[in-house]
Structure formats: structure tokens, C-alpha cells
Amino acid sequence: MTRWTIVAASVAMMAAACSSGGSDNKTDSSKGGALSGRGPITLATGKDTSGNLQNLVNTWNQQHPKEQARIIELPEDADAQRQQMVQNAQTKSNAYSVLNLDVVWTAEFAANQWIAQLPKTQFDLTKFLPSATKTGEYRNNLYAAPWKTDSGLLYYRKDLLDKAGITAPPKTWAEMQQDCAKVKGVNCYAGQFEKYEGLTVNFSEAVESAGGVVVGDDGKPNVNTPQAKEGLNFLVNGFKSGMIPKEAISYKEEESRRAFEKGNLLFYRQWPYAYALSNKKGDSKVADKFAVAPLPGLSGPGAPTLGGHNLAISQFAPNKATALDFIKYLTSEQTERANLIASSEAPTLASLYDDPELQKKFPYLTTLKASLQNAKPRPQAVRYNDVTTAIQEAAYSALTGKSTTDQALADLQTKLGQLITP
């Protein structure tokens, strides 16, 4: 029996264990009515770039012939995913049962009562990374179960650094620029700079990595500062100098991944999901030639942005008891382990990061866990879509030279002050 067969068998056993139909599955923790009803369900999710989600659903379906789950694949773009989910909720459609929510959408969906409150007693939250669990809460209640977490990492061509006599990845922006000067024939650095959610992430990381903040611990915007200017200038000057190639202004996750896999980049900022994809021999020119490290910053290691996805139940869906069991199945240790092995997507269960077998297969796990512990959340705002749009417009304006960094940050401070109430 292969190791994958063993993992698949474990997942199957967990799926069977989650089926039941006990009364514990039917009671909400404090309000919102009963999570009742059994039968077919759907999972509304963005494009599955890992290719493994259907395998997990197939395992569930084999064990639940009367409670089949079906994937409804939404667009690859996160903003388009949110738009379709919002439209579905506003019409009170029952088309979606389980929603794969970006971690920054929890407050909006919970405040509008588009998703059902989850009973905390159904999840052992002590086993999850605290940062991941917090993203699924709104007003101290659980509305989305932590499923996949994320933190930005620096992917780099270890083979090219080795040839140049560079023995360690850069810890600061200055060191990264020095390394690029020693390696010829390849672009220095890229991230995700198209005007979409990825730009909010890259802007926030640059600001935080320079010692600034977008929103302070007091919940108030504080982005018009010298530190924030230092961070934004790193990106602006990167485009001006050619350190960041001009075509990167249109990069999202997949565009930047493809550029790296073609051998066009020495360094780039990316989520963990790309690790397995970029190591596929035949598909990637950099397979076995790269490694990952913490993001660099102004004077030391940078401050990555916390990302990830959580699972919520649509308030308008039938068969909520089945939906709850399905979420418990996907967030179980056996399933998260299997998904990590198959896809390299970051799990939310802390124990998996300390597993020696997994660390051997995925050497970056220790680095990723440290990155997750240092990761900074994006603003948790009910009007998050307006907040992120304001950030994107300000950052994009500066990156494309339509405004100075001073003007962009001043305008952003004013706009966020109107949108965010502590």
C-alpha cells in the first residue's frame, strides 16, 4: 500500500465518521436557528488551481451517497468570486450551500446575515492556528471555519544565487537589490500589482515591512506616515528603476507564477500554493531549482499579509446539517494532511507544521509557520470591498505615475477615514 493510499484511506474513514446525524449537528451556538436538513449540497469556490479539491469531494461522496456534494467553480479572480457570492445572497438564492470565503469577507457576510453562525462546540478550535481562527470570527462568534491559511513568502532561484556565490536569501530590500546586481539575464523581483485584491496585499506588505501600518491597533487608519511612504516608494522606485519589470503591473498570482516558472524572475512574492506547481517537472523550468524564505523588509525580515480561505454556510441553503458535516470533514486533520501532500496549500491545523514526515516532504513548512505567526491581517471592515478598492486605487495610481506617493497616501488616509469606524 502506497503512502497516498494510506492517506486516502484515512480521509475516507474521517468522511464516514463525520456523516452521522446526531442532534449536536442541528443546534446553533446561540442564535440564527437550527442547522438542520440533510441531502445534496454545493460548494461555491474560486477556481481550484491545485487540482485536488475534486478528489476530496469524491471521497466525501463515496461515503455519503444520499448527501452528495457538488463543486460550483467561480472565476479565478477573487473580486469576481465575491461579487457572485454577494449577488447570490442578496437574492436569497439557495444555489450555494457552503461558501469558500476569503478571510477578509467574514465581517461583511456575517454582518449582513448572509452566512449562518457556526456552533463552536463542533470544532476543536484549540488545534487551529490562532491567527486563522480569528479570521472566521465576527463579534466573538464563529461564522466560518478555518480551512486554508496563507502568508506571503519570497520564492527565489537558489541555483542562480549559488552560482553567484550568494549563500543565503536576502533579509532586506537592499540585500535583494545587491543580489540582483550579481545575477545577470533575469528580472529581479515581482509580486502581484494588477488593480485587484493582490495589490492590496502587496501594498500592505510593503507598508508593514517598512514599519508602517494601514490601520492601527486602535482600528483607525494611519497610512499617511513616513514609514508608509518608505514602503510605497520601494514599489514605485522598483518600477522606475527596472528592478520590477514593467509587465508586472498586470500580474496577478497566476501571471507571476508563470513568469517565475519560465525562468524570468530571480525573486518573487507568492503564496504557498505555488510551491508544488512550480516543482512539477515538465511544466516548470525551475523545478528543483528554487527555495522559499521570509519576505525581506526595509531593515530586516518583512511583515507578510495574512491570507487564506474559510468555509461558511449560506443562510439561504437547505441541508445545513449536511453542510456542517462537510465543513468538519474538509477541516479535519486527515483531510488537511491529504490536501497538503497533494497541493502544498497551507493547512490551518498547527500540528501539521511540526510533523517530521511533512517537514521532510515540504522543507518550507518551518519557514511558513514562522511567517504565519508574524503575518498581519488586512483591515476587518464590514465595508471591506470599499476599503480594498480605495487601497488599490491609491497604490495603482502611485505605481503607474499618475500621482506621487505623498498624494496617494494623503488621499487614501482621507478615504479610509470615511469608510472605517473603529
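**Some thoughts on the overall build of the chain**
Per the secondary structure count, the chain includes 17 helices and eleven strands. Viewed in the frame of its principal axes, the chain has a C-alpha envelope of about 60 × 55 × 30 Å. Sequence separation of at least 24 residues holds for 74% of the intrachain contacts in the chain that already meet a minimum separation of 6. In the form shown here, the chain has an accessible surface area of approximately 17,500 Å², with 48% of it arising from carbon and sulfur atoms. Taking the average place of the 45 positive charges on the side chains of the chain and the average place of its 42 negative ones, the gap between the two points comes to 2 Å.

**Regarding the pairing of strand S2 (residues 69–73)**
Pairing between strand S1 (residues 41–45) and S2: five bridges, direction parallel. By the bridge assignment, Ala 44 is partnered in S2 with Ile 72. Handedness of the crossover is the feature at issue here: the chain leaves S1, passes through helix H2 (residues 53–63), returns alongside S2, and the resulting connection is right-handed.

**Notes on the state of the cysteines**
Within this structure, the stated rule accounts for one disulfide. The disulfide partner of Cys 180 is Cys 188, and the gap between their sulfur atoms is 2.0 Å. Here the disulfide of Cys 180 and Cys 188 is right-handed, its torsion about the S-S bond being about 75 degrees. For the pair shown, Cys 180 and Cys 188 are each scored as buried.

**As for empty space enclosed by the protein**
A complete count under the given rule lists three cavities of 30 Å³ or more for this structure. Put simply, the largest cavity is a space of about 120 Å³. Residue lining of the largest cavity: Trp 173, Tyr 189, Phe 193, Asn 202, Glu 205, Ala 206, Ser 209, Phe 234, Leu 235, Arg 269, Leu 295 and Pro 296, and that is the complete set. Only helix H8 (197–209) and helix H9 (226–241) provide two or more residues apiece to the lining of the largest cavity. Sort the elements by how many residues they give to the lining of the largest cavity and H8 lands first, with four residues. For the lining of the largest cavity, a count of residues per class yields eight nonpolar, two polar and two charged. One number sums up the size of the second largest cavity: a volume of about 50 Å³.

**Observations regarding the packing of aromatic side chains**
With the rule as written, the count across this model stands at 17 aromatic pairs. Taking 5.7 Å as the distance between ring centres and 80 degrees as the angle between the ring planes, the aromatic pair formed by Phe 260 and Phe 290 counts as edge-to-face. In this pair, Phe 260 is assigned in helix H10 (residues 253–261) and Phe 290 in strand S10 (residues 290–293), connecting sequence segments 30 residues apart. Their ring planes at 40 degrees and their centres at 4.4 Å tell us that Tyr 275 and Tyr 364 sit as a pair that is tilted. With a gap of 89 residues between them, Tyr 275 in helix H11 (residues 274–278) and Tyr 364 in the loop between helix H14 (356–361) and helix H15 (365–374) connect regions that are remote in the sequence. Since its relative accessible area comes to 2%, Tyr 364 is described here as buried.

**Examining the packing of H2 against helix H12 (residues 320–330)**
Contact geometry for H2 and H12: axes closest at 11 Å, N-to-C directions at 125 degrees. As judged from the angle between their axes, H2 and H12 are oblique. Relative to H12, H2 is oriented so that their crossing is right-handed. Of the residues in H12, those in contact with Leu 56, Val 57, Thr 59 and Trp 60 of H2 are Thr 322, Asp 325, Phe 326, Tyr 329 and Leu 330. Classifying every residue of the contact of H2 with H12 by side-chain character gives six nonpolar, two polar and one charged.

Reading the values: the criteria
Residues numbered from 1 in each chain as written. Predicted model: local features only at pLDDT ≥ 70, side-chain atom pairs only at ≥ 80, totals over all residues. Heavy atoms only, no water. Helix = DSSP H or I, 4+ residues; strand = E, 2+ residues; numbered from the N terminus. Contact = heavy atoms within 4.5 Å. Areas by Shrake-Rupley, 256 points an atom, 1.4 Å probe, with all protein chains shown as cover. Lys, Arg positive; Asp, Glu negative; His and termini not counted. Charge placed at Lys NZ, Arg CZ, Asp CG, Glu CD. Pairing = 2+ DSSP bridges. Right-handed = clockwise from strand over helix to strand, strands pointing away. Disulfide = S-S within 2.5 Å. Buried < 20%, exposed > 50% of the residue type's maximum accessible area, 1.4 Å probe, protein only. 1 Å grid on protein atoms, 1.4 Å probe; cavity = no way out; pocket = protein on both sides within 12 Å on 5 of 7 lines; lining within 4 Å. Points joined across faces, edges and corners; volume = space filled by probe spheres on them. Nonpolar A, V, L, I, M, F, W, Y, C, P; charged D, E, K, R; others polar. Phe/Tyr/Trp six-rings, centres within 6.5 Å; stacked < 30°, edge-to-face > 60°. Axes fitted to C-alpha atoms, helices over the stretch in contact; angles between N-to-C directions. Parallel < 35°, antiparallel > 145°, perpendicular 65-115°, else oblique. Left-handed = near helix turned anticlockwise from the far one by under 90°.

Distances and angles like these do not, on their own, reveal function.
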